[in-house]
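Coordinates in review
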Amino acid sequence: MIEKIRVRYAPSPTGHLHIGNARTAIFNWLFARHYNGQFIIRIEDTDLARNVKDGEKSQLDNLQWLGIDWDEGPDKANSKYAPYRQTERAAQGVYQKYIDELLASGKAYKSYKTEATLKEEREAQAQAHQAPHYVYEYAGMTKEQIKDAQAKDEAVGLKSVVRFRVPENHDYQWQDLVKGEVKINSKEIGGDWVIQKADGMPTYNFAVVIDDHLMEITHVLRGDDHVSNTPKQLMVYEAFGWKAPAFGHMALIIKAETGKKLSKRDEDTLQFIEQYRELGYLPEAMFNFIGLLGWSPVGENEIFTREQFKEMFDENRFTKANAKFDAKKLAWVNNQWMRSEKEKVMPQLIHELVKAGLINDQQAKNDADHLAKIIEIAGVDGIKATSEIAPLAEYPFFKLHDISKEDRQSWLETDDGQKVAAAFTEKIKALAEDEFKADHILQIIRDLQHDLQIKGRPLWNPIRLITTHEVQGPNLPEILAVMGKDWTIKNIQLTVAV
RNA sequence: GGCUCGAUGGUCAAGCGGCUAAGACGUCGCCCUUUCACGGCGAAAUCUCGGGUUCGAUUCCCGAUCGAGCUACCA
């Protein structure tokens, strides 16, 4: 590719960053970065009613969290293209100018049909088994007649919208970056569509064209759900005599259970970046996993950094079929990342203990090394997100359970149990403070096995029970070594006292 | 309903006319081990179905089936 690539991610600030949108952002970013192009963020906020207060901020924050940066955006304006919010552009009259142009040339017209009329028309069409379509109200009228009709509607106080006069029986086709040749006839788009709403705002399909043109966007990579918007956009480019960008429509990410497009309204699927962030998924892992959905690299590896993705990116390797979102694989990817970035993740893991109320901030700061050891032993290597460490480490490292009656009967009140417990207690008390290491403790237990001729669970369970009040858990000698002699002796005394 | 697109194990997927059809997640089994994880080894499991084209189709073409998207004064 010779031309300078400019791509964009254009979210509407209606909520948090959705997985599907994150994917669009990721691939556009990759596209730009791979070819040394520019990545732009534009806020498409023309639906005033749906905009949420911190929607834009949330989108941007989460993008940043994922490691995506942008060359231009609402917070990083290039005066040649600014502003980057459509409401601001509308306020400057950016769209009005082009709407007026279309109005003047007759390629668009003011329409006064009411919501009620529209509804009636659609119902009648449904009755007649016709596809819903807009019926041109000025068919066969002269310019004068149209003018009169509009003046009359205006006088009655009817609000108007501006509709684009769709060319009849015209094929719109394009070479889709991922799908190949796509062709849609103008008669399939449902008739003259609205380009300016009654509130004066341009509609998405119109504004997107004006802005992509003005911002010199060269490639539009977006979800498959935009395929049917493309002909509408193409006819606007054509009306102005502009060159359209290249389009690429990526297959969608669908819900595993239903096979349907992920819907923001679904509450039972975790589908916002924010949610994974809160659970303790790493941005590297999210990027990694999402980057492999609907796209694949050449080799067999599955774990990649953003840098590697940048280098590998190839717009010819998109998958055409929709991809189901597999949370289990995401978990595995995150686990891989946590393990390879353990140093980096450790503070976050420690913070999880604070969040769970097991320690306070002060302890987190002062005992970082000790806590890191606990976290390691408790089993970080087996968890899929940082938030899972707290329940794993809670017992016996921060709290002790009561020993159940059954455990007491099975492991402590037996002859073997008493022998083992007594002998271990004696030996562990005799162990010097600086000898209180995992290998020495293990040696004591091995000696006991030899001396008492008891092995397996009858040997280990009594010891585990008196020292940790659990009958299972991570490697016992390591637990004791990390927690120390005082802790161990105290726990034993607690057991015996009861 | 119409239009557009898609179809390789349960899932993500490689493949691009000739292969015992990669790899990964998951599942199952075995090993390691006091237990739980981790780890190691191994196994089961796939080309939607018909027609063509071809010496030969997972691969190319057509049709069927199934699936998805769209069908707003939402983006």
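Note that this is a predicted model, so its numbers are computed, not measured.

Section: the domain arrangement of chain A
- Domain parsing of chain A yields domain 1 (94-250), domain 2 (341-396) and domain 3 (400-497).
- One C-alpha centre belongs to domain 1, the other to domain 2; they are set 56 Å apart.

Description of the nonpolar core
- In terms of nonpolar packing, the biggest core is built from 97 residues, with Phe39, Ile68, Met286, Leu353, Phe424 and Ile428 touching the most fellow members.
- Ranked by size, the runner-up nonpolar core spans 36 residues in total, among them Ile40, Ile189, Ala239 and Phe240.

Some points on unusual backbone geometry
- Between Ala82 and Pro83 the backbone carries a cis peptide bond, its omega angle lying at -5 degrees.
- Inspection of the secondary structure assignment puts Pro83 in the loop between α2 (55-66) and α3 (86-91).
- With an omega dihedral of -5 degrees, the bond running from Tyr395 to Pro396 counts as a cis peptide bond.
- We note that His469 has phi near 65 degrees; this positive angle belongs to a residue other than glycine.
- Tracing the sequence through the fold places His469 in the loop between α20 (457-468) and α21 (476-483).

Regarding the sheet that holds strand β3 (residues 108-111)
- In space, the three strands of this open sheet follow the order β3-β4-β7, with antiparallel pairing throughout. Unpaired on one side and paired on the other, β3 and β7 (193-196) mark the two borders of the sheet. The mean inter-strand angle of the sheet, taken between neighbouring strand axes irrespective of direction, is 45 degrees.
- Summarising the sheet, strand β4 (residues 161-164) and β7 pair through three bridges and their orientation is antiparallel. Residue Phe164 lies in a different strand from β7, and its bridge partner there is Trp193.

So, the protein's contact with RNA strand B
- Taken together, 61 residues are adjacent to RNA strand B, and Lys197, Ser228, Lys260, Gly294 and Gly473 come closest.
- Protein-adjacent atoms of RNA strand B, using a 4 Å cutoff, are sugar or phosphate at a proportion of 75%.
- Within the backbone of Tyr204, a nitrogen or oxygen atom sits 3.1 Å from a phosphate oxygen of RNA strand B.
- Every element with two or more residues in the surface near RNA strand B is listed here: β4, β6 (180-185), β11 (323-324), α12 (327-340), α20 and α21.
- The residue inventory of the surface near RNA strand B, partitioned by class, reads 19 nonpolar, 14 polar and 28 charged.

Focus on the environment of Ala131
- When you line up the elements, Ala131 lands in the loop between α5 (115-127) and α6 (143-156).
- Distance in space between the C-alpha atoms of Ala131 and Met312 is 44 Å, their sequence separation being 181 residues.

Points about the pairing of strand β1 (residues 6-9)
- Neither face of β1 is exposed, since Arg6 and Arg8 on one face and Val7 and Tyr9 on the opposite face are all buried.
- With four bridges joining them, β1 and strand β2 (residues 38-41) adopt parallel strand pairing. Bridge pairing links Arg6 to Gln38 in β2.
- With helix α1 (residues 19-34) bridging β1 and the parallel β2, this β-α-β connection has right-handed handedness.

Quick notes on the rules
Counting restarts for each chain: residues are numbered from 1 in the order of the written sequence. Lettering for chains starts from A, numbering for ligands starts from 1, and both go in the order in which the items are written. Only residues with pLDDT of at least 70 are given local features in this predicted model, and only at 80 or more are side-chain atom pairs given and counted; all residues enter the totals for whole chains, interfaces and linings. Side-chain measures were taken over the full set of non-hydrogen atoms in the model, leaving aside hydrogen atoms and water. Domain boundaries shown here were taken from an automatic or database domain assignment. To define a nonpolar core, start from buried Ala, Val, Leu, Ile, Met, Phe, Trp, Tyr and Cys residues and group those joined through side-chain atoms within 4.5 Å. Per-residue accessibility, obtained with a 1.4 Å probe over protein chains only, is compared with the maximum for each type, and a residue is labelled buried under 20%, exposed over 50%, and partly exposed between these values. Strands are runs of DSSP state E lasting at least 2 residues, helices are runs of H or I lasting at least 4, and numbering of each runs from the N terminus. The pairing criterion for strands is at least two bridges between them, as found by DSSP. An axis is simply a line fitted to the C-alpha atoms; with a helix, the fit covers only the stretch in contact. Between two such axes, the angle follows the N-to-C directions and lies from 0 to 180 degrees. Whether a residue is near a molecule or strand depends on its heavy atoms: if one lies within 4 Å, it is near. Any pair of N or O atoms that falls within 3.5 Å is considered a polar contact. Within protein, one atom must be able to donate a hydrogen and the other to accept it, and sequence-neighbouring residues count only if both atoms are side-chain atoms. Under the scheme applied here, ten amino acids are nonpolar (Ala, Val, Leu, Ile, Met, Phe, Trp, Tyr, Cys and Pro), four are charged (Asp, Glu, Lys and Arg), and all others, including Gly, are polar. Here is how to tell: hold the view so the strands point away, follow the path from the first strand over the helix to the second, and if it runs clockwise the crossover is right-handed.

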